[in-house]
Amino acid sequence: MDTNDVPNASLQLLHQVEKRIVRVLELAGGVMEELANGTGPRMEVLNNYCPEFMQSIKEIQMMLWQEIKSACDYRPFEKCDYNSRISNEMCCKKLGMIIGRLDGMKQTIEEYNKAN
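Residues numbered from 1 in each chain as written. Predicted model: local features only at pLDDT ≥ 70, side-chain atom pairs only at ≥ 80, totals over all residues. Heavy atoms only, no water.

If you check an unreviewed UniProt entry, the chain appears there as Mediator of RNA polymerase II transcription subunit 11 from Amborella trichopoda. As stated in UniProt under Sequence similarities (unreviewed entry), the record for the chain gives "Belongs to the Mediator complex subunit 11 family." Under the UniProt heading Subunit (unreviewed entry), the entry covering the chain gives this text: "Component of the Mediator complex." (UniProt positions renumbered as here; feature names shortened; annotations may be inferred.)

Below, the structure is given as structure tokens:
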């Protein structure tokens, strides 16, 4: 396998984000050079750099947001309040206890049937 190949999709995405960040910094540097120009900034250059800069920032933000979201654990109650989450956890524990008792009853019935 070539050392330039990145097998992990997350690493590939982060590599693309890194490249975009470098491009954004180049654009910002170009704008700074234009603003520092002794004869004044050339508007056509600024008009070319600024939209690309803003679009790149938006793309970086979305890519990172998606990657962070996919990296986080699944949380079905992420946007719910505390009471809903606790109520759900309590119901799950109650169901676990009921299943345990039903298993005990099943075992008792099986033992009874074996004895008779």
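What follows concerns the overall build of the chain. Within the chain, the secondary structure is distributed over three helices and zero strands. Overall, the chain shows an N-to-C arrangement of helices and strands of α-α-α. Partitioning the contacts of the chain with sequence separation of at least 6, the portion at a separation of at least 24 is 55%. Surface exposure of the chain reaches about 10,000 Å², of which carbon and sulfur atoms provide 58%. (Helix = DSSP H or I, 4+ residues; strand = E, 2+ residues; numbered from the N terminus. Contact = heavy atoms within 4.5 Å. Areas by Shrake-Rupley, 256 points an atom, 1.4 Å probe, with all protein chains shown as cover.)

Another point: the pattern of salt bridges. Scanning the entire structure with this criterion turns up four salt bridges. Arginine 20 is the partner of glutamate 59 in a salt bridge, and the nearest nitrogen-oxygen pair spans 2.0 Å. Of this pair, glutamate 59 sits in helix 2 (residues 43-71) while arginine 20 sits in helix 1 (residues 9-35), and the two are 39 residues apart along the sequence. Residue arginine 20 is classed as partly exposed on the basis of its relative accessible area of 30%. In this structure, glutamate 34 engages arginine 42 in a salt bridge whose closest nitrogen and oxygen atoms are separated by 2.5 Å. Residue class for glutamate 34 comes out buried when judged on its relative accessible area of 7%. (Salt bridge = Lys/Arg side-chain N within 4 Å of Asp/Glu carboxyl O. Buried < 20%, exposed > 50% of the residue type's maximum accessible area, 1.4 Å probe, protein only.)

An ideal rise of 1.5 Å per residue puts 39 Å on 27 residues; helix 1 measures up with 39 Å between its terminal C-alpha atoms. Buried residues of helix 1: Val17, Val24, Leu27, Gly30, Val31 and Glu34, and no others. (Expected span 1.5 Å × (residues − 1).)

Confidence in the prediction of the chain, expressed as mean pLDDT, is 81, and 85% of residues score 70 or more. Predicted confidence is poor over residues 1-7, with pLDDT under 50, and the contacts of this stretch with residues over four places away or in other chains come to three contacts. (pLDDT = per-residue confidence, 0-100.)

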